[in-house]
Amino acid sequence: MKNEFWKLPSSRCLHGEQVSSHFFRFAFLAMAAVAAGGSAPVHAAPVSARFGPAWTSVDCKTFEVPAAIAAQSDCGYVTVPEQHAKPKGRTIQLGVVRTRSTGQTPAADPLFVEQGGPGDSTIGDIANGALPKYPELPALLQGRDLIFVEERGTRFARPFLFCPELNAHNIAVAQGKQSYTDAGWIRVCNERLKAQGINPSAFNTRENAADIYAVAETLGYPVFNYYGVSYGTLLGQYVIAQADRHRPKLRSVILDGVVRPDLDFNLASSHTFSYALRNVFRACAQDHRCNAAYPNLETTFLGVVDRLNRKPVPLTLTIPSSKQTFTTQLDGNAFITGVVPYLARPYSGESARGSSLPRFIEAASQGNFGWIAESLSDLEPKGAREMYHTVVCARGRSVRLQPAQVLPPPYPQLLPLGLREAEAVNNACDVLQVEQKPPFVYRNPQIPTLVLNGSDDPVTPAPYGEAVARNQTTAYVVTFPGVGHGALFAPPGMAAATCVTQIVVDFLANPQQAPDRRCLAQVRPAFVVE
């Protein structure tokens, strides 16, 4: 498993253009409202006919946008420089969906919504997936337009840095025919993409952040808000850092499942997985029904890992595209890898029932591993895997801390995972040889920031968000018990879904004022006990 920051469940339920005249029309009023600390004035959304010359309209079917969303959206490509420092040089295109507010009196400042990965599709996963399915985004849409920008190199951008070679690699690894850390797949992929004229060094977070401002300017929004989940939070920190370098003004930022820019998150995965697991074990022990059904859950879990490391068991996996099956050997590392999705999305059947992880761990202790086959069969990722690595590899100079400096020690059984993840990525970086970007530096601390954490997040634990928030002069940190990776996407019916929506709406109404967080008292971890 390459450590992907964030992936929403799919539909099977398991992130130098000319300025339009419209920009100037609203610039003064909107910026005055922001300076006063309130919401920007109400107005009709910019008309797509007045978008800047970098905009090219397309049918929303191009991006597979559901009909109900397409009916209230403008879809198109925004052309941006391949490298913003060379505005007269080569260009690339970003898919953009502007979904118009459903409210009668929407605010002038839209909310840009960005996905994680890096390399996953903002339009595919959020505009097409989350917006129709989860209650939180429709509630936000009542207050303002939502802008979904396909990050450079991802599925609905041109070019798309897709590596089908990874699929064969993943299958061979699961079959025991290839080393997990072998970088041969990305060598072939990179050579193919470079032969098409693609410059891997142009796909990084600095350029991504400049893209956000270019899109805001093209669409005619002088002021905007930003929401990012997972890798989108790292992008958000770069958007903050660039806030004084572009014409559109950044009003506020929401970071959900926060990445620290000074840490190697792949190396830290042993620590972050352990941190999340301990929270689950503690919550189960404090829940009468969970503790009665699954006592000593931590001991049970570690016992399963130890037994599988001593004697792996056969497990049947299914290749998604062909439906062909094969037998793999389930060892302790593979078991932990298969557990992670149940931490990231601890909602059984994407419902409000609660987490089934304690029940599954108990089943594993009895020799039943059938439940883990689905997550381990996710062998053919659809994201931009070369873009994932160009982004990660380019930020090496920003990494200054070791995981042990910021998180408690991991379970010893989990230590090999972080070392394996780091080795695999380092091997890929040796192949790509992308240009190293300067170390990240925090700037513009005055931008109001809301940090959202989930207690069960296995990738970006709450201490990451707390540390990042300390760099802003106005920051609010909210941690949701029993929630995983991406607090804004809790399923309907959960107290967390209602609470996070209310908190985000409050924050966007007035980012200079702490949002009402009293609803957190109603948010508790829930477990499926059967």
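Residues numbered from 1 in each chain as written. Predicted model: local features only at pLDDT ≥ 70, side-chain atom pairs only at ≥ 80, totals over all residues. Heavy atoms only, no water.

A. Local environment of the environment of Leu131. Among the structural elements, Leu131 can be located in helix α3 (residues 122-133). Owing to a relative accessible area of 4%, Leu131 belongs among the buried residues under this scheme. Note: C-alpha distance between Leu131 and Ala521 (390 residues apart in sequence) is 26 Å. For Leu131, the contacting residues outside a window of four places in its chain are Ile69, Thr99, Ile126, Leu137, Pro138, Leu146 and Phe148. (Helix = DSSP H or I, 4+ residues; strand = E, 2+ residues; numbered from the N terminus. Buried < 20%, exposed > 50% of the residue type's maximum accessible area, 1.4 Å probe, protein only. Contact = heavy atoms within 4.5 Å.)

B. Seen up close, the state of the cysteines. Per the counting criterion, the structure on display carries 5 disulfides. Across the disulfide from Cys60 sits Cys75; the S-S distance is 2.0 Å. Where Cys60 bonds to Cys75 through sulfur, the torsion about that S-S bond is close to 100 degrees, and the disulfide is right-handed. One end of the pair, Cys60, is in the loop between β1 (55-57) and α2 (67-70); the other, Cys75, is in strand β2 (residues 73-81), and 15 residues separate them in sequence. Neither Cys60 nor Cys75 differs from the other in exposure class; each is buried. Regarding the disulfides, the protein chain carries the connectivity 1-2, 3-4, 5-6, 7-8, 9-10 under sequence-order numbering of its bonded cysteines. (Disulfide = S-S within 2.5 Å.)

C. Molecular detail of the packing of aromatic side chains. One pass over the full model with this rule turns up 18 aromatic pairs. Here Phe51 and Trp55 contribute two aromatic rings whose centre-to-centre distance is 4.8 Å and whose plane-to-plane angle is 80 degrees, an arrangement assigned as edge-to-face. Looking at Trp55, the relative accessible area reads 11%, which means it is buried. With a centroid separation of 5.3 Å and an interplanar angle of 25 degrees, the aromatic rings of Phe160 and Phe162 are classed as stacked. For Phe162, a relative accessible area of 26% puts it in the partly exposed group. One aromatic cluster is present, built from ring pairs that chain together Phe281, Phe301, Phe335, Tyr342, Phe360, Phe369 and Trp371. Looking at Arg385, its charged tip hangs above the ring of Tyr388, at a distance of 4.3 Å from the centre. Directly above the aromatic system of Tyr180 lies the positively charged group of Arg420, at a separation of 3.9 Å from the ring centroid. (Phe/Tyr/Trp six-rings, centres within 6.5 Å; stacked < 30°, edge-to-face > 60°. Lys NZ or Arg CZ within 6 Å of the ring centre and 35° of its normal.)

D. Structural view of helix α15 (residues 385-394). With 10 of 10 residues buried, α15 lies mostly within the body of the structure. Of all the residues in α15, the buried ones are Arg385, Glu386, Met387, Tyr388, His389, Thr390, Val391, Val392, Cys393 and Ala394.

E. Quick look at the sheet that holds strand β4 (residues 111-114). Taken in spatial order, the 9 strands make up an open sheet running β1-β2-β3-β5-β4-β6-β7-β10-β11, and their pairing is mixed. Sheet topology places β1 and β11 (475-480) at the edges, where each strand pairs with a single neighbour. Direction aside, neighbouring strands of the sheet carry axes that sit 25 degrees apart on average. As defined by bridge partners, β1 adjoins β2 across 3 bridges and the pair is classed as antiparallel. Residue pairing for β2: Thr56 is matched across the bridge by Tyr77. Relative to strand β7 (residues 249-256), helix α18 (residues 495-509) is tilted by about 160 degrees, and along the sheet it contacts β4, β6 (223-229), β7, β10 (449-454) and β11. (Pairing = 2+ DSSP bridges. Axes fitted to C-alpha atoms, helices over the stretch in contact; angles between N-to-C directions.)

F. Layout of the nonpolar core. Of all hydrophobic cores here, the largest spans 64 residues; its most connected members are Phe112, Val215, Phe224, Tyr226, Val239 and Leu250. Once you skip the residues sitting within four places of it in the chain, Val215 turns out to touch Val78, Leu94, Val96, Phe112, Ile147 and Val149. Residues Leu111, Val483, Val500 and Leu508 belong to the second largest nonpolar core, which totals 46 residues. (Core = buried A, V, L, I, M, F, W, Y, C linked by side-chain atoms within 4.5 Å.)

G. How the structure looks around the pattern of salt bridges. Under the criterion given, the structure shown has 18 salt bridges. For Asp109, the salt bridge is made with Arg251, and the minimal N-O distance between the two is 3.0 Å. Highlighted residues: Asp109 in the loop between β3 (91-99) and β4 and Arg251 in strand β7, separated in sequence by 142 residues. Note on accessibility: Asp109 and Arg251 belong to one class, buried. For Arg518, the salt bridge identified is with Asp516, shortest N-O distance 2.6 Å. Members of the salt-bridge network, linked through shared partners, are Asp74, Arg98, Arg100 and Asp145. (Salt bridge = Lys/Arg side-chain N within 4 Å of Asp/Glu carboxyl O.)

H. View of the side chain of Asp256. Examined against the element boundaries, Asp256 turns out to sit in strand β7. Within the local environment of Asp256, its side chain forms a polar contact with the backbone nitrogen of Ala487, the two atoms lying 2.8 Å apart. Once you skip the residues sitting within four places of it in the chain, Asp256 turns out to touch Tyr227, Gly228, Val229, Ser230, Thr233, Leu452, Gly486, Ala487 and Leu488. (Polar contact = N/O pair within 3.5 Å; in protein donor to acceptor, adjacent residues only side chain to side chain.)

No statement about biological role is implied by the geometric values presented.
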